[in-house]
Amino acid sequence: MARDRRARARAGAAHGPPARQAGGPRRIAADRRARGGLTVMRELKPSFCRCCINQCSILVDVDDGHVLAVHGNPDNPQYQGYSCIKGRSQGAYLSAPDRVLRPLRRKADGTHEEVTSDAALNEIAESLVRLRDRHGPRSIASYWGTMASVGNFGAGMPFFTALLDAIGTNMRFDPNTIDKGGKQSAQSFLGYWGAPAMGFDRPDAILLIGINPLLTYTGFPSGSPKRWLAETLARGCQLIVIDPRESHVAAQATHFLQARPGNDALIMAAILKVVIEEKLYDRAFVDAHVTGLDTLRTALHSIDVAAVADTAGVSANLLADSARTYARARRGYAMAGTGPHMSGFGTLIEYLVLVLETICGRWLRAGDVVKASPSLLPAFSARAQARGPDPDWALAGRMRVRGLKQSRAGMPTAALAEEMLLPGEGRVRSLLCWGGNPAMAFPDQQRTIEALKSLELFVTIDPWFTESGKLAHYVLPPPMGLEVETATIFMDWLSGRATGYGQGQAHAQYTQQIARRPQGSDLLEEWQIFYELMVRMGYPVEVLPFGRPPEGAKVRFDARPSNAELLEKLTEGSRVPLDVIKSNRHGHIYDDGLIVVQPGDPANTARLEVGHPEMLAWLSEVVGAQSARSPSNEFRLLCRRENHVYNSSCNRRVTNKGRFHNPAFLHADDMAHLGVVDGDEVELSSELGKIRALVSRDDHVLPGTVSMAFAYGDAQNPEADPVLHGASPNRLIPTDRVYDPYTGQPRMTNVGVQIMKATADQSLHDA
Ligand SMILES: Nc1nc2c(c(=O)[nH]1)N[C@H]1C(S)=C(S)[C@@H](COP(=O)(O)OP(=O)(O)OC[C@H]3O[C@@H](n4cnc5c(=O)[nH]c(N)nc54)[C@H](O)[C@@H]3O)O[C@H]1N2
Ligand SMILES: Nc1nc2c(c(=O)[nH]1)N[C@H]1C(S)=C(S)[C@@H](COP(=O)(O)OP(=O)(O)OC[C@H]3O[C@@H](n4cnc5c(=O)[nH]c(N)nc54)[C@H](O)[C@@H]3O)O[C@H]1N2
Ligand code: SF4
Ligand SMILES: [Mo]
């Protein structure tokens, strides 16, 4: 029994086998031809995967609405047959016995019972009205998670926004401020260029900071990241990677800086120093569109490249050479991932990244073509001119805790639990959660659970009975990806979000509903739930489609539309007509009539600010703390992602091959020092709490660090067997010690932890 546990634990190999390319679809097509003439129910239908941000074009082998298999679609020009284990396994999700098929309502004893969607919606609407009238709109908070965006976002989000607008609450949260929140907040200090960046369009150099696109589909264009990287490197592109772990992408880098975690602001400052001192920046662009370079140059006097390299544990020559390589390239882009953004300095690091991009002139100019122009959204106007920083970075939303405010990154999600627990006027008393799992995802899990338990109304829209769902008053199950007709509106939105996101080209695809919804189920699509709540709360249903200016015309719905009607309405005025997109069933790249960047207004005097005093003051604090090292017996806990799961989604036997837990990946030297071998149980503890995990050797991680995925564990029973459930790093991560003051994002990586071999007593606890 114990040996069995160990064997399963060991299955957590560090670098799994490469994702298999689909070989199946053509075979089935041949099969169908051989059976030609017969009326076969079995068909191979084109669609796209909604299990993750990559949204692969797929072929679904369906028999009378029942999914038999999913393959990558070789006939799609962008994905060219690419798919991964999560997407190929989705037939099993649809027919899983533990899928929630009818709404659940929590009873007084804490267990849940099934109710009709009509009853659930009536009761929820009634509670919302009561809360609004008694405690004000602010008592109603919302949270949409990752599966809201990758699911039927194009339809769901406009209706969600309409509902929240009608209620009048600005307590609207999403994962951005516990992810890479610094991306948007940093723009407030730099300002904005009126056109996108060069991004994925033919880079000669790529700088990746704490991001692993080969596995996470962020930082490279959607499609096959492996193929794109191979082609890009073959063109001679230089790849610079900064990561304390030799990640999959780091293994392919031309320049790999295996830096100690938490040093990215210093490293970026050192890179800027080299670029500026050696005059490698784009002088014409800087002269025309940038201000603050002298202030920045002066601030960088205190940066000593050799000392930074020493602090970060990297070669000073390689660091300087990386800076030169990046700046000398004609085209390129830099992308900071969750590693730096989770280090507590997200806004500062991203600001320095944007400064590098700006002085290297990585923005599109007049006459350049926007390769990733949206297809299902209206064309936007791109203009080669700057708009200055936001005078005050803060937007309307206010937290009552720690003076935190809404920024362009959104509301500070890491402070939501505190907000819920703080008595007094304005307290958040309810949460509408869509496609998210706060009990797993929010840092400081203990406090999050206490907060969720304190709510008067907690509704979650989720096809699974998750750790969050267990605490919810209502679980409303939606249909899953393949059961919904939609189009790739999300990808158009994503491509416009920031450099390093979305598609490299103007790809779009429409999909019919492919799979039949389970018999006897009572499922509502998310937009239908929001529609029904608006109706029941007595609000008119007025929706602003995506991609329209805030003052744009809303679409009014006096009756619930069909999906086909809805899609028509929401894509009105799209750059490519919906009909055309529908007719190309396998997806297509619409590179006729791409957006062209227009010349800037010669009278425009606005400049991009590369010497913002607030950011430079923060940098100088970081420089001042440079030599402070953590105690030597402490490990630094690093964030990490895995191929076979998507945060808390897709962790099923078909994808995990029987390894349900998240190992603590350690370097062999550290394992020897701790006296542990593969599969041993260890206890990790921080100032906040303790978890137990199974060790897995991974010599790609820097000695002194421990690398662990999140979104595992039994949220309410942390003593549960780590072999069967894994453990939640969020029990070790406080929200209110070190955090980004603009986004509230706490330090979620580079967290100091002690590691001890678990005593026999502990590890036998649930054997
Ligand atoms: N310690 C630590 N904490 C982290 C992170 C970390 O690296 N370390 N990462 C952070 C990041 S980057 C993020 S984005 C957040 C993620 O935070 P969340 O988005 O809150 O977490 P997920 O686990 O992605 O939640 C997705 C939910 O959607 C549900 N779901 C699955 N399919 C569907 C569907 O078809 N429709 C609907 N409506 N729901 C569906 C899943 O069951 C799951 O409950 O977590 C953050 N928290
Ligand atoms: N297969 C799969 N794909 C996913 C997800 C998933 O769960 N599975 N999740 C999705 C989500 S929500 C997101 S936000 C993205 C995240 O995508 P990524 O940001 O690519 O996430 P990771 O692969 O964890 O890469 C983060 C890297 O940062 C490094 N790191 C840790 N601390 C530091 C530091 O202080 N400095 C530096 N420079 N590096 C550091 C880690 O070692 C790790 O290699 O992935 C998305 N895609
Ligand atoms: S889960 Fe993501 S990478 Fe995998 S098939 Fe689906 S969209 Fe593609
Ligand atoms: Mo994320």
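Residues numbered from 1 in each chain as written. Chains lettered and ligands numbered in written order. Predicted model: local features only at pLDDT ≥ 70, side-chain atom pairs only at ≥ 80, totals over all residues. Heavy atoms only, no water.

Surrounding ligand 1, one finds 28 residues, the nearest of these being Tyr143, Thr146, Ala441, Asp462 and Ser648. Contact between ligand 1 and Thr146: an oxygen atom at 2.5 Å from a side-chain N or O atom of the residue. In this structure, an oxygen atom belonging to ligand 1 sits 2.5 Å away from a side-chain N or O atom of Ser648. For ligand 1, the accessible surface in isolation is 920 Å², of which the surrounding protein chains cover 95%. (Near = heavy atom within 4 Å. Polar contact = N/O pair within 3.5 Å; in protein donor to acceptor, adjacent residues only side chain to side chain. Areas by Shrake-Rupley, 256 points an atom, 1.4 Å probe, with all protein chains shown as cover.)

Ranked by size, the top nonpolar core spans 97 residues in total, and within it Phe159, Leu208, Phe220 and Leu482 carry the most contacts. A total of nine residues in this core trace back to one element, the largest contributor, which is helix H7 (residues 153-167). The residues touching Leu208, leaving out its near neighbours within four places in the chain, are Pro213, Gly219, Phe220, Leu239, Ile240, Val241, Ile242, Val249 and Met335. Counting 77 residues, the second largest nonpolar core, distinct from the first, contains Leu207, Ala312, Val610 and Val622. (Core = buried A, V, L, I, M, F, W, Y, C linked by side-chain atoms within 4.5 Å. Buried < 20%, exposed > 50% of the residue type's maximum accessible area, 1.4 Å probe, protein only. Helix = DSSP H or I, 4+ residues; strand = E, 2+ residues; numbered from the N terminus. Contact = heavy atoms within 4.5 Å.)

Turning our attention to the sheet that holds strand S18 (residues 474-476). Taken together, the seven strands give an open sheet; going across it, the order is S5-S4-S18-S17-S16-S6-S7, and neighbouring strands pair in mixed fashion. A strand with exactly one partner marks an edge of an open sheet, and here the two such strands are strand S5 (112-114) and strand S7 (172-173). Strand direction decides the pairing type here: strand S6 (residues 140-144) and strand S16 (residues 430-434), joined by five bridges, are parallel. Residue Ala141 lies in a different strand from S16, and its bridge partner there is Leu431. Set on the sheet, helix H5 (residues 117-135) makes contact with strand S4 (104-106), S6, S16, strand S17 (457-461) and S18; between it and S18 the angle comes to about 125°. (Pairing = 2+ DSSP bridges. Axes fitted to C-alpha atoms, helices over the stretch in contact; angles between N-to-C directions.)

For the coordinates displayed, the defined rule picks out 21 aromatic pairs. Centre to centre, the rings of Phe153 and Phe490 are 5.4 Å apart; their planes meet at 85°, and the pair counts as edge-to-face. In this pair, Phe153 is assigned in helix H7 and Phe490 in helix H21 (residues 489-495), connecting sequence segments 337 residues apart. Note on Phe153: relative accessible area 2%, which makes it buried. These aromatic residues form a ring-pair network of at least three members: Trp144, Phe153, Phe490, Trp493 and Phe546. Directly above the aromatic system of Tyr326 lies the positively charged group of Arg362, at a separation of 4.5 Å from the ring centroid. Of note, Arg640 hangs over the ring of Phe665, and the distance from its end group to the ring centre comes to 3.9 Å. (Phe/Tyr/Trp six-rings, centres within 6.5 Å; stacked < 30°, edge-to-face > 60°. Lys NZ or Arg CZ within 6 Å of the ring centre and 35° of its normal.)

Another point: the pattern of salt bridges. The tally for this structure, following the rule as stated, stands at 42 salt bridges. Where Glu681 meets Arg692, a salt bridge forms, and the shortest distance between an N and an O atom there is 2.8 Å. On the criterion of sequence distance, the pair formed by Glu681 in strand S29 (residues 681-685) and Arg692 in strand S30 (residues 690-697) is long-range, its members being 11 residues apart. One salt-bridge network, held together by shared partners, links Arg402, Glu418, Asp444, Arg447, Glu687, Asp736 and Arg737. (Salt bridge = Lys/Arg side-chain N within 4 Å of Asp/Glu carboxyl O.)

Moving on to the site of ligand 2. Near ligand 2, the surroundings consist of 31 residues, among which Thr216, Asp243, Asp264, Thr338 and Val645 are the closest. Asp264 is positioned with one of its side-chain polar atoms (N or O) 2.7 Å from a nitrogen atom of ligand 2. One of the side-chain nitrogen or oxygen atoms of Thr749 is found 2.9 Å away from a nitrogen atom of ligand 2. Here ligand 2, which alone exposes 920 Å², has 98% of that area covered by the protein. Looking at side-chain class alone, the shell around ligand 2 contains 10 nonpolar, 12 polar and nine charged residues. (Nonpolar A, V, L, I, M, F, W, Y, C, P; charged D, E, K, R; others polar.)

Let us now look at helix H25 (residues 613-624). For H25, with 12 residues, the first-to-last C-alpha span of 16 Å sits near the 16 Å given by 1.5 Å per residue. Inspection of H25 places Met615, Leu616, Trp618, Leu619, Val622 and Val623 among the buried residues, and these make up the whole buried set. Summarising the axial view, the buried residues of H25 lie within an arc of 155°, below the 170-degree limit, and thus occupy one face. H25 presents Pro613, Glu621 and Gly624 as exposed residues on the side facing more than 90 degrees away from its buried surface. Against helix H8 (182-190), helix H11 (264-277), helix H13 (293-299) and helix H17 (346-359) lie the buried residues of H25. (Expected span 1.5 Å × (residues − 1). Arc of directions from axis to C-beta.)

It is worth spelling out the packing of H8 against H17 at this point. Following both chains from N to C, one finds H8 and H17 inclined at 60°, their axes separated by 8 Å at the closest point. Considered as vectors, H8 and H17 are oriented oblique to each other. Crossing hand, H8 versus H17: right-handed. Only Gly346, Thr347, Glu350, Tyr351, Leu354, Val355 and Thr358 of H17 make contact with H8, whose side of the interface consists of Gly182, Lys183, Ser185, Ala186, Gln187, Phe189 and Leu190. (Parallel < 35°, antiparallel > 145°, perpendicular 65-115°, else oblique. Left-handed = near helix turned anticlockwise from the far one by under 90°.)

All right, on to the side chain of Ser149 then. Mapped onto the elements of the fold, Ser149 is located in helix H6 (residues 146-150). A distance of 2.8 Å separates a polar side-chain atom of Ser149 from the backbone oxygen of Thr146. Each residue touching Ser149, except ones within four places of it in the same chain, is listed here: Trp144 and Phe490.

That is the geometry; function is a separate question.
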